[in-house]
Each structure stands twice: as structure tokens, then as C-alpha cells.
Amino acid sequence: MQSFDGQPTSAGSVSESASRRHERVVERLLRLQRITAALAGARTLTEIASTIIDQGMPALDAEVGVVAILSADGASLRNLGFKGVPVDTEEAWAEVPVDSPVPVAEAARTGAPVIVPTREERNARYPVLARVHGVEHGGAVAAFPLVLESRTVGSLGFCFPAARAFDDDDYAFVLSIAQQCALAVERVRWHEVAEQEIAHRRASEEALRARERELTALVAELRQTQEALREADRRKDDFLAMLAHELRNPLAPLLNAVELIKAAGPPTPIVERARTIMDRQIGHMSRLVDDLLDISRISRGKITLSIERVDLVELARATALDYRSLLDARGVRFELALPPAPVWLQADPTRLAQAIGNLLQNANKFTDDGGSVRLSIAPSHPARGVVSVEVADTGIGMEPAVLERIFEPFAQADQSLARSRGGLGLGLALVKGVVELHGGSVRAASAGLGRGAAITITLPLGAAAPRAADARRAAASASASASARRILIIEDNVDAADSLRMLLERRGHAVAVAHSGDDGVAAARMAPPDVILCDIGLPGATNGYGVARLLRAESAMRKTLLVALTGYGQDDDRKLARAAGFDAHLTKPVAQGMLERLLAELAPLPESA
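Just so we're clear, the structure is a prediction, and the values are computed from it rather than from any experiment.

A. Highlighting the overall build of the protein. For the protein, the helix and strand inventory stands at 18 helices and 18 strands. In the protein, of all internal contacts separated by at least 6 residues, the share reaching a separation of at least 24 is 66%. Total accessible area on the protein stands at roughly 31,600 Å², and carbon and sulfur atoms take up 56% of it.

B. Quick look at the packing of helix 16 (residues 544-552) against helix 17 (residues 571-580). Interhelical geometry of helix 16 versus helix 17 gives an angle of 25° and a closest axis separation of 8 Å. By the angle between their directions, the pair helix 16 and helix 17 is classed as roughly parallel. Contact residues: helix 16 offers Tyr545, Ala548, Arg549 and Arg552, while helix 17 offers Asp573, Leu576, Ala577 and Ala580. Split by residue class, the contact of helix 16 with helix 17 holds five nonpolar, no polar and three charged.

C. View of the pairing of strand 2 (residues 76-83). For strand 2, the buried fraction is high: six of the eight residues fall into the buried class. Here strand 1 (residues 64-70) folds back onto strand 2, and the loop between the two strands holds five residues, one of which, Gly74, carries a positive phi near 70°. Two strands pair when backbone bridges link them, and strand 2 and strand 3 (residues 95-97) are joined in this way by three bridges, in the antiparallel orientation. Bridged to Leu77 within strand 3 is Val96.

D. Seen up close, the packing of aromatic side chains. On inspection of all chains with the given rule, the structure shows three aromatic pairs. Relative to Trp93, the ring of Phe82 has its centre 6.3 Å away and its plane inclined at 35°; by these criteria the two rings are tilted. Placement of Phe82 in strand 2 and of Trp93 in the loop between helix 3 (87-92) and strand 3 is noted, with a sequence separation of eleven residues between them. A residue is classified by how much of its surface remains accessible, and Phe82, at 13% relative accessible area, is buried. Seen in terms of ring centroids, Phe160 and Phe166 are 5.7 Å apart; in terms of plane orientation they differ by 70°. Their pairing is edge-to-face. Residue classification places Phe166 among the buried positions, given a relative accessible area of 17%. We note Arg28 situated over the ring of Phe173; from NZ or CZ to the ring centre the distance is 5.3 Å. Directly above the ring of Phe160 sits Arg164, whose terminal nitrogen or CZ lies 4.8 Å from the centroid.

E. Just the pattern of salt bridges, in detail. Evaluated as defined, the whole model comprises 23 salt bridges. Two residues, Glu27 and Arg31, come together in a salt bridge whose shortest N-O distance is 2.2 Å. Of this pair, Glu27 and Arg31 are both found in helix 1 (residues 11-41), four residues apart, which corresponds to roughly one turn of the helix. Note on Glu27: relative accessible area 28%, which makes it partly exposed. Two residues, Lys588 and Asp535, come together in a salt bridge whose shortest N-O distance is 3.6 Å. Note that Lys588 is positioned in the loop between strand 18 (584-587) and helix 18 (592-602) and Asp535 in the loop between strand 16 (531-534) and helix 16, a separation of 53 residues in sequence. Across the pair, Asp535 and Lys588 agree in class, each one buried. Salt bridges sharing partners connect three or more residues here, namely Arg28, Arg164 and Asp170.

F. Quick look at the packing of helix 9 (residues 312-329) against helix 10 (residues 349-366). Where helix 9 contacts helix 10, the two axes come as close as 9 Å, and the packing angle between them is 35°. Along this stretch, helix 9 crosses helix 10, giving a crossing that reads as right-handed. Contact residues: helix 9 offers Leu312, Leu315, Thr319, Ala320, Tyr323, Leu326 and Leu327, while helix 10 offers Pro349, Leu352, Ala353, Ile356, Gly357, Asn358, Leu360, Gln361 and Asn364. Of the residues contributing to the contact of helix 9 with helix 10, the split by class is eleven nonpolar, five polar and no charged.

G. Examining unusual backbone geometry more closely. Even without a glycine there, the phi angle at Glu149 is positive, about 55°. Within the secondary structure, Glu149 is located in the loop between strand 5 (141-148) and strand 6 (151-159). Of note, the phi angle at Ser150 is positive, near 65°, even though the residue is not glycine. Locating Ser150 in the fold gives a position in the loop between strand 5 and strand 6. In this structure Ser150 comes out as exposed when scored by relative accessible area, which is 75%.

H. Quick peek at the environment of Ala182. Its location among the elements puts Ala182 in helix 7 (residues 168-263). When its relative accessible area of 0% is taken as the criterion, Ala182 is described as buried. Separated by 27 residues in sequence, Ala182 and Ser155 have C-alpha atoms that sit 8.7 Å apart. Not counting residues within four places of it along the chain, the set of residues in contact with Ala182 comprises Leu146, Val147 and Val153.

I. View of the sheet that holds strand 18. Reading across the sheet, the five strands line up as 15-14-16-17-18 and stay open at both edges, with parallel pairing between neighbours. The sheet is open, and its two borders are formed by strand 15 (510-514) and strand 18, each paired with just one other strand. Each strand of the sheet is rotated relative to its neighbour by a mean of 20°, with strand direction disregarded.

J. A look at the side chain of Arg31. Owing to a relative accessible area of 14%, Arg31 belongs among the buried residues under this scheme. There is a polar contact of 3.0 Å between the side chain of Arg31 and the side chain of Gln55. Discounting residues that sit within four places of it in the chain, Arg31 has contacts with Asp54, Gln55, Pro58 and Ala59.

K. Inspection of the sheet that holds strand 11 (residues 386-393) at higher detail. Strand order in the open sheet made by the five strands is 8-10-11-13-12, with mixed pairing throughout. The sheet is open, and its two edges are formed by strand 8 (333-337) and strand 12 (441-445), each paired on a single side. Pairs of neighbouring strands in the sheet enclose a mean axial angle of 10°, with direction left out of account. Inspection of the sheet shows strand 8 paired to strand 10 (residues 372-377) by five bridges, in the parallel sense. Across the sheet, Glu335 pairs through a bridge with Arg374, a residue of strand 10. Its contacts with the sheet put helix 10 on strand 8, strand 10, strand 11 and strand 13 (453-460), and the angle it makes with strand 13 is roughly 170°.

Here is what the cut-offs are and how they apply
Just so you know, the residues in each chain are numbered from 1, in the order the chain's sequence is written. Local features in this predicted model are restricted to residues of pLDDT 70 or higher, and side-chain atom pairs are both shown and tallied only at a pLDDT of 80 or more, whereas totals for entire chains, interfaces and linings draw on every residue. The basis for the side-chain values is all heavy atoms of the structure; hydrogens and waters are excluded. Elements are defined by DSSP. Helices are runs of H or I of four residues or more, strands are runs of E of two residues or more, and each kind is numbered from the N terminus. The contact criterion used is simple: two residues touch if any of their non-hydrogen atoms lie within 4.5 Å. Computed with a 1.4 Å probe, the accessible areas rest on the Shrake-Rupley method; for each residue, only the protein chains presented here act as cover. Angular values range over 0 to 180 degrees, each being the angle between N-to-C directions of two axes fitted as lines to C-alpha atoms, with helices fitted over their stretch in contact. Should an angle fall under 35 degrees it is called roughly parallel, over 145 degrees roughly antiparallel, and 65 to 115 degrees roughly perpendicular, with every other angle called oblique. Residue polarity is assigned by list, with Asp, Glu, Lys and Arg as charged and Ala, Val, Leu, Ile, Met, Phe, Trp, Tyr, Cys and Pro as nonpolar; anything else, Gly included, falls into the polar class. Accessible area is worked out with a 1.4 Å probe on protein chains only. A residue is then buried under 20% of its type maximum, exposed over 50%, and partly exposed in between. Paired strands are those between which DSSP finds at least two bridges. Between 30 and 60 degrees the pair is tilted, below 30 it is stacked and above 60 it is edge-to-face, where a pair is any two Phe, Tyr or Trp rings, Trp via its six-membered ring, whose centres lie within 6.5 Å. Throughout this description, the term charge over a ring refers to an Arg CZ or Lys NZ atom that lies within 6 Å of the ring centre and within 35 degrees of the ring normal. The working definition used for a salt bridge is a side-chain nitrogen of Lys or Arg within 4 Å of a carboxyl oxygen of Asp or Glu. In a left-handed crossing the near helix is turned counterclockwise from the far helix by less than a right angle, and in a right-handed crossing that turn is clockwise. Polar contacts, as used here, are pairs of N or O atoms within 3.5 Å; protein pairs need one atom able to donate a hydrogen and one able to accept it. Residues neighboring in sequence count only if both atoms are side-chain atoms.

Take it as geometry only, folks, not as evidence of what the structure does.
If you want it as C-alpha cells, here you go:
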């Protein structure tokens with residue numbers, strides 16, 4: 001038998017070579033099985049590298065083994081395992097650039113195996129390895145890329161103690177462990193990414209739960225704050241109601257006293273001057289109290305309008321008469337420009353008169369002596385179904401910044417230190433609230449400081465003409481106004497009771513007075529009156545509501561007009577009064593004209609009349 005080079009070969013040597021090759025193949029297959037099993041359980045890249053090196057080096061008779069992976073940007077290789085070199089070399093080569101002149105870097109860079117069979121070729125191609133291993137030490141080197149679906153993720157390499165040629169079995173073995181290594185690296189990387197994602201998700205969920213806890217706590221805190229604000233608002237309303245009551249109680253006898261002075265006969269100039277001052281200041285104080293309470297009620301939606309058909313022209317004329325004396329006293333020229341025919345609205349006459357009165361009061365306040373104020377009603381617009389009421393003055397005017405907020409509560413046009421114009425800044429806010437409750441709108445205009453201002457309210461038109469029933473009722477009221485009534489005043493404030501009694505007696509009424517609820521009920525039972533004017537906040541066990549309930553149960557007083565005359569003027573107070581049996585509710589101080597109109601319209605006539 002001859003070999004491939006023509007030399008004789010014995011049969012025994014061929015058989016021995018085949019046997020060694022067979023044993024090597026079997027041994028490597030067993031190692032591949034162990035590598036596969038070990039990589040299946042590997043959880044880290046370091047475990048993968050240790051498995052490849054520990055199984056690959058003895059299978060190949062290598063003296064050095066290394067496994068490295070590419071960085072995310074592909075610029076460097078990080079050594080996962082490095083066995084067979086000094087520690088300082090391992091530390092120095094822990095991470096190398098991918099363009100380094102070493103076999104593992106070249107294999108990763110090119111994606112192709114690098115096999116150098118001899119020491120001389122190694123020293124020539126990779127001088128750095130000659131310096132590490134020594135020029136006269138070592139031999140062959142081999143490096144294979146770790147490729148996964150045509151994508152290189154790293155490389156592995158081996159150094160051998162002597163020269164050697166890589167046969168097909170060597171090549172197949174290293175390629176196989178390189179493929180398994182690449183798969184294991186990718187699996188661990190995906191596992192790490194999944195764990196990071198899970199950790200991130202858990203962190204996000206925990207952050208979300210923490211945020212939910214914060215929001216829950218914040219919502220609870222907001223609810224507590226809202227409840228505290230509601231409680232503070234309720235306390236404020238209670239305080240304002242009590243303040244109004246306490247202020248109105250002394251205002252009532254003062255107003256009555258002014259009316260008595262007026263009715264007493266021709267006064268001296270000094271008395272007339274004092275009466276005029278008292279009358280003006282009491283009216284001013286009453287408006288402040290009413291505005292303060294009304295703006296609070298409007299802002300909370302607690303005002304209910306008493307809608308009826310109203311002639312806007314007549315209402316404006318009557319309101320103008322109430323304010324003409326204020327303007328005349330200061331030498332302010334007042335012009336009234338009203339259409340000759342009625343303009344009918346569906347409105348609350350009291351609230352609408354209050355709004356127009358506030359506009360006139362505002363014009364009076366901001367117009368200097370010698371100026372002029374004009375109240376006009378523009379021709380109605382049937383097509384649009386609206387009518388406009390304008391109050392224009394030649395006063396101090398307003399800047400654009402003031403115009404933008406003039407209808408806000410507590411807004412002030414007079415920003416001077418002296419604040420000589422006075423007021424709380426509620427009048428125009430109240431006008432806006434009342435007009436909007438009627439379905440209308442309000443606007444302000446001014447050419448600038450010192451050039452006057454004009455405020456216009458626009459209201460929807462109502463019915464075209466008065467009903468006959470209204471005319472009959474007005475005629476009946478007019479005819480009844482001159483009739484005297486039997487009136488019982490139940491009032492614990494002696495000054496208020498006595499001053500009101502004197503006023504009513506001067507108008508021809510027969511008046512009795514009681515200063516407590518029990519005394520008032522007894523007086524009414526003894527001599528049933530036509531009208532009872534009853535305070536609410538009476539001392540003792542029977543307050544005004546109790547008086548009404550007791551007397552409404554008396555058959556002899558079912559026709560008696562019960563009027564609550566009180567300092568409590570909120571809507572809830574009016575509802576309580578109606579529920580107790582009162583026919584009407586008047587808030588102190590009450591102008592005598594209003595009281596006389598109420599008596600004329602609602603009180604039953606005495607039998608003698």
C-alpha cells in the first residue's frame with residue numbers, strides 16, 4: 001500500500017490513524033453535547049464564555065482561549081472570558097477596539113474565520129501577540145466570528161503551543177461551538193432585555209401606583225378643602241345675614257324718624273338740612289347692605305325672580321324720580337329721554353328698578369358737580385325682540401383696563417388714595433347679575449379719563465299690552481289706598497315699634513304695639529286686626545314664625561294680612577316666612593311708600609269702609 005506521496009504505508013499505521021480520528025470525533029461529539037447542555041442552563045454571558053473555553057481548549061489542545069462580544073455600536077470588543085494568559089494581560093485586554101491587530105478583532109470585523117498555522121506567520125501578521133507570548137513561544141492561532149443570521153455579535157479564539165494545521169474536523173468543531181455560542185449570547189441578551197423591560201415595567205407600575213396614591217391623597221385633600229370652603233362660605237353667608245339683620249334693625253327706626261320729621265310740618269333750615277343728610281346717609285347705608293347680600297346670592301344662584309308684566313317706561317320714570325333729588329342737590333343736570341308709548345317686559349320690577357337705580361347711583365357718584373346724567377330708553381327693536389336702557393354721564397370716565405373688569409365684584413374705578421367716590425365696587429356687578437337673570441346683557445363704554453361713561457343694558461321684550469285685570473287691580477289699589485286699617489305691630493325694638501306706630505297713626509291708621517311674640521298673639525286674639533306687621537327675631541319662646549303659625553290657625557284671622565317686617569332678607573328667610581303663613585316679607589328699613597302700596601294692594605278693607 002502506498003500513501004498519497006508515493007511512499008509505502010503499512011496497513012497497521014492506517015488503521016491506527018483511523019482509530020485515533022474516530023476517538024477524537026467521538027470525544028468532540030461528547031463535548032458538543034456537554035456544551036449544548038451547559039449553554040442551555042447559562043443565565044449570563046460570563047457563564048457562556050466559561051463553558052466555551054473550558055470545553056473547547058482541551059478538545060483542541062489549545063493553551064489560550066478567549067470569547068468576546070461586540071459593543072452596541074460595533075466599535076469595540078469586550079472580553080467575556082480570557083483563559084491561559086497572565087492576569088495583567090487579561091485586565092489590559094478586557095476591552096479592545098474592533099480595529100485592533102489581533103485575530104479575534106479581525107474575525108469580528110470581517111465576519112470570516114482567521115487561521116494562522118505557524119509561529120512565524122503569527123509573529124509577522126500580529127506583532128502584538130509576539131510581544132505577549134514571546135517571539136519564540138507558542139504557535140498557531142485561530143479565531144472564528146460569532147454569527148447569528150448573517151449578523152456578527154462577537155468572536156472566539158484559541159492559541160496553540162505549537163504549529164498546527166486545521167483539518168476539516170477542527171474547522172467543523174470550532175464552527176459548531178461558535179454557532180452555539182452565538183445563539184446562547186443572543187438568548188441571554190434577549191433575556192436581559194426582557195428582564196430589563198420587566199423591571200422597567202414593574203418600576204413604571206410602582207410609579208403609577210405611587211402616583212395613584214398621590215392622586216387619591218390629593219383628591220381627598222381637595223375634597224377636604226372644598227368642604228372647608230363650603231363651610232367657610234356657609235359661615236360667611238350666616239355672618240352676612242346676621243350683619244345685615246343687626247345693621248337693618250337700627251336703620252329702621254332711623255328711617256322712620258326721618259319720615260316723622262318730614263311729616264311734622266315746616267322745619268327750620270337747620271332741621272331740614274339735618275333731615276336731608278340723615279335721609280341720604282340712611283339710603284346709602286341701606287344700599288350697601290342690600291348690594292353686599294345680593295351679590296353674594298347672585299354669585300351662588302340663590303336669587304329667584306318674581307316675574308310679572310312690567311312697563312319699562314313707567315318703571316324707569318319712577319326710579320328716576322327716586323334719584324332726581326340726589327342729582328339736583330349736587331347741581332347735576334338730569335335728563336330723562338323716554339318713549340311716549342309703554343314698553344312691556346316680563347321682569348321682576350323690584351330687581352329691575354334696583355339695577356337701573358344702581359346705574360343712576362353710579363353715575364351720580366362719578367359725575368362732578370355741574371355735570372350731567374342722562375337716562376334713556378332706546379326705541380325697541382321688534383325684529384330682534386330687545387330694548388336698551390342707557391345711563392350716560394359726563395363724569396370721570398374709565399380707562400380701557402377698567403372697562404374690562406368694571407362688572408366684576410369689588411372692581412373700583414376710583415383708585416385714588418382718598419377713595420372719595422366711596423362704595424364697595426358691587427353696584428355694577430349686581431346690575432350685571434340682575435340683567436343676566438332676565439336674559440339680557442350689559443356693556444360699558446367710555447372715551448377715556450375725564451370724558452364720561454355710558455352703561456347700556458339690553459333686555460328681551462315681553463307682552464305688547466297690559467291686561468284688563470291688571471288695570472282693574474291698579475284701580476282697586478288706588479281706591480283702597482286712602483282707607484284706614486287696624487294694624488298690630490309686633491316688634492321687640494322699642495324705637496322701631498314706636499317710630500313706625502307714629503308714622504302709621506299720622507296716616508290715619510289705628511295702631512297697637514306688642515313687644516314679644518306671646519303678647520302679640522294675645523293682642524291679636526283680643527282685637528283681630530286687618531294687618532299685622534311682625535318682626536321675626538322676637539325674644540322668648542315664640543318668634544315671628546311661631547306667631548304666624550298660631551294666628552293662621554285662628555278662624556277670626558284668616559283674612560288678616562300677615563307681613564314679616566325683619567332684618568333677615570335672604571331668599572331662605574322669605575321661603576320660611578311663606579311656609580309659616582306670612583303673606584308678604586319686607587326687609588328693614590322699609591320705605592313708607594312701599595309699605596303704603598302693600599297695604600293698599602293686599603290688606604282687606606275694614607267693614608266700615
